Every structure is written in structure tokens, then in C-alpha cells.
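Chain by chain, the residues run as shown.
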Amino acid sequence: MHRSILRILSALLLIGAVATALLYRDRLDVAALETWINGAGAAAPLIFIGLYALATVLFLPGAVLTLAGGALFGPLWGTLYNLLGATLGATLAFLIARHLAGDWVRTRAKGLIARLIQGVEAEGWRFVAFTRLVPLFPFNLLNYALGLTRIRVLPYLLASLIFMLPGALAYTYLGFVGREAMAGSEGLIRNGLIALALLAAVAFLPRLITRLRQRPMLPAEELKRRLDAGAQDLLVLDVRTPEEFVGDQGHLAEAVNIPLEHLPDQIEALGSNLERPIALICRTDRRSAQAAALLAGRGFAQVQVIQGGMTAWRANGWPVEQAHAQAH
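Residues numbered from 1 in each chain as written. Predicted model: local features only at pLDDT ≥ 70, side-chain atom pairs only at ≥ 80, totals over all residues. Heavy atoms only, no water.

So, on to the pairing of strand E4 (residues 278–281). Burial of the side chains of E4 extends over both faces: Ile278 and Leu280 are buried on one face and Ala279 and Ile281 on the other. Here 4 bridges tie strand E2 (residues 235–238) to E4, and the two strands are oriented parallel to one another. Following the sheet pairing, leucine 237 is matched in E4 by leucine 280. Summarising the sheet, E4 and strand E5 (residues 303–307) pair through 3 bridges and their orientation is parallel. When the sheet's bridge partners are listed, leucine 280 is paired in E5 with valine 305. Handedness of the E4-helix H13 (residues 286–297)-E5 crossover: right-handed. (Buried < 20%, exposed > 50% of the residue type's maximum accessible area, 1.4 Å probe, protein only. Helix = DSSP H or I, 4+ residues; strand = E, 2+ residues; numbered from the N terminus. Pairing = 2+ DSSP bridges. Right-handed = clockwise from strand over helix to strand, strands pointing away.)

Here it is, written out as C-alpha cells:
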């Protein structure tokens, strides 16, 4: 009981600190902060890293500090200090969430929340890397959210440190260019072009990473081979309408029918094993691709689209059924 009370008091103290920081964040004077850090001498890097970590824990905008780091320390050392501050703050928030609420959330999580947590835990450091490169969620909130999972601390820390590097480098360099512009540096145009190139590369990363994460389509021939081999754990999910499922193209004897438009409401029917292989099939592969994106977003890690769908299956003359639909 004493431990529970201590956790509740700690959580209330954290909420109060975050609320205060957000309430007064408009009073953050970056110029005064830079002057103060500049006057700290050899301790300036440590002070800056500590302030960056504290700002991350308290939900203050890190972009402002990242730009300030570039202006204060230059592109090389500024990137290092920004990265260390952001990683330290992210790890502190992760540990705080795990200590205060990790067990409580995991024992009470049900349904969609439980599946999302399981999906994140199954991906482990890969999920951390993906979200650092592709900012799907606000950075500060994500740090606390990941602390509620069972992802281990060291992989989380290393993935954060490594995969936040591109963004840290780009924005630090932008801060450095801003300082050079104010000083009237001769290399301003060159440095500005470098900053733009880095920002463009960071902006392109989400598309690149999303494509790399997409599993290649599964040829109909490979699906036939797996079914003939008796792949008991493979779920063949047909996302056509019930009328199409028993219509002229027929369906696979092993297939379960959940129409694409009903899939969001019937994901419970797929079970809680997020690592189970799922082969999606429709008339061609357009609806299957939409279903794959939906299932991947719900944490299912082994989802593949059958290339060409039932059209490719029928083109090979393989057997189908046209009645007795296994529909949910």
C-alpha cells in the first residue's frame, strides 16, 4: 500500500511539473538561455545536455533546443550534444513511465490496447527505430508510451540514439546556419544548401522506411505450395464481399471470409497471436493491400498480400469452392 501511495504521489508531482512547464513555455527565452550557457565555460555542454533531457521529460519542444545546440556548439559537437540530451531525456521518460504505471497498464490492458502493446513488444527495438525515423506520434508522448511496454531498456536506448541521428544532424545544422546568417558568414549559401539537403533527406526517410517495412507480395504459386504442405498456422483471409466469396471466382477451401469494410470491427476474430502468418486475398490485390495496411497498423507482424489474388489462382486452374463459405 505504501508503495502504491508513493507511486501516486510521484505521478501527481510529475503531472504538476509538466503542467507548469507547458503553462510557462512561452516565457522560454532562447537568446538568454544561449547567453547563460555560453558563460558556463567548460561545463556548458553538460548543462546543455541536462537541460535538453529535462525539457524532454517535461514535454517542452525539443526542436527549439536542437536549433540552439547548433548555434551554440556548431554542426558536429552540436549534433552530439543534442543527440545525447534527447536520448537521455527519452530514456528518463521511458523509465519513469515503466516505474509509475507499467505494471498497472499491462495487467488492465484489454482488446485493442493489449494487441497494440503485444505488437510493439514483438517488434522490440525495430519499432523504436521505425518511430524515431518516422515520427508517427509526438516524440515526448511516445517516450512515456513505450515505457508501458516490456521493451528492454538497452535496446530502446541504443535504437533511440542511433535512429534519431539523421533528424538531429539536420536540425542542428539548420541552427548552425541560422547563426552563420546572423554573423554574415561568407559560406552562408553553401551551408544553407547543405542544411536544405539534410532536411530533404530527413523528409524522404518516412517513405523509404515505410517501403522497406512492407513485406513483398506472396505469389499465388507460393501460397499453393504452403497449403499443399499443410501449413497449419497460416490463416488465409479473403476480404471480398460474401457475394463475391461464393460467386463466379469461388474461394479457397481454407479461406476465412471477412469483408474489407467489416475488418476494423472484426479484428477480434483473428485472435491475439500477432505473429501468426496471414495471407490476404481478394479478386486482384487492391483490397488485400488496404487490409494489410490496416492489420499492420493493429500490430500484426506477418501479413502478406497474395499477388494477383483469385484471378491469379484461377489462371493456374487450381481448385476452388463456390459454396459453404467460412464467413465471420
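The subject of this paragraph is the environment of serine 160. Mapped onto the secondary structure, serine 160 falls in helix H8 (residues 153–163). Look at serine 160 and you get buried, because its relative accessible area is 0%.

Taken together, Ile5, Ile8, Leu9, Leu12 and Ile15 make up a surface patch of nonpolar side chains, about 500 Å² in accessible area. In this fold, leucine 9 is placed in helix H1 (residues 2–23). (Patch = residues over 30% accessible without salt bridge, like charges linked within 9 Å, V, L, I, M, F, W, Y side chains within 5 Å. Areas by Shrake-Rupley, 256 points an atom, 1.4 Å probe, with all protein chains shown as cover. Salt bridge = Lys/Arg side-chain N within 4 Å of Asp/Glu carboxyl O.)

The final tally for this structure, using the stated rule, is 7 salt bridges. Among the salt bridges present, the one from arginine 225 reaches glutamate 222, with a minimum N-O distance of 2.6 Å. Placement of both arginine 225 and glutamate 222 in helix H11 (residues 220–228) is noted, with a separation of 3 residues, approximately one turn of the helix. Judged by its relative accessible area of 49%, arginine 225 is partly exposed. For glutamate 222, a relative accessible area of 22% corresponds to the partly exposed category. A salt bridge links arginine 283 to glutamate 244; the shortest N-O distance between them is 3.8 Å.

UniProt feature "transmembrane region" (unreviewed entry): in the numbering of this structure it lies at residues 6–24, 36–60, 80–101, 153–176 and 188–209. In this annotation, residues 80–101 is assigned 100% helix and 0% strand; the end-to-end C-alpha distance for the span is 31 Å. (UniProt positions renumbered as here; feature names shortened; annotations may be inferred.)

We now examine the nonpolar core. If you look at the biggest cluster of nonpolar residues, it comprises 25 residues, and the most contacted ones within it are Leu14, Ile37, Phe48, Leu65, Phe73 and Tyr144. Of all the secondary-structure elements, those providing two or more residues to this core are H1, helix H2 (30–38), helix H3 (44–57) and helix H4 (62–108). Here the element with the most residues in this core is H4; it accounts for 9 residues. When neighbours within four sequence positions are excluded, leucine 65 is seen to be in contact with Leu33, Phe48, Leu51, Tyr52, Ala55 and Asn82. Formed by 19 residues, the second largest nonpolar core is a distinct cluster that contains Leu237, Leu263, Leu270 and Cys282. (Core = buried A, V, L, I, M, F, W, Y, C linked by side-chain atoms within 4.5 Å. Contact = heavy atoms within 4.5 Å.)

A large share of E5 lies buried, amounting to 4 of its 5 residues. In this structure, strand E1 (residues 218–219) lies alongside E5, joined through 2 bridges in parallel fashion. For leucine 218, the partnering residue across the bridge sits in E5 and is isoleucine 306.

A pair of packed helices can be characterised by two numbers: the angle between their axes and the separation between those axes. Between helix H6 (residues 125–133) and H8, the least distance of the axes is 9 Å, while the angle of their chain directions is 30 degrees. Put simply, H6 runs roughly parallel to H8. Here H6 runs over H8; the crossing is right-handed. When H6 is examined against H8, the residues Trp125, Val128, Ala129, Arg132 and Leu133 are found in contact with a partner set consisting of Pro155, Tyr156, Ala159, Ser160 and Phe163. (Axes fitted to C-alpha atoms, helices over the stretch in contact; angles between N-to-C directions. Parallel < 35°, antiparallel > 145°, perpendicular 65-115°, else oblique. Left-handed = near helix turned anticlockwise from the far one by under 90°.)

So, on to the environment of alanine 279. The topology assignment puts alanine 279 in strand E4. Residues alanine 279 and alanine 255 lie 24 residues apart in sequence; the distance between their C-alpha atoms is 9.3 Å.

Turning our attention to unusual backbone geometry. Positive phi, close to 65 degrees, is recorded for phenylalanine 59, a residue that is not glycine. By secondary structure assignment, the location of phenylalanine 59 is in the loop between H3 and H4. When its relative accessible area of 25% is taken as the criterion, phenylalanine 59 is described as partly exposed.

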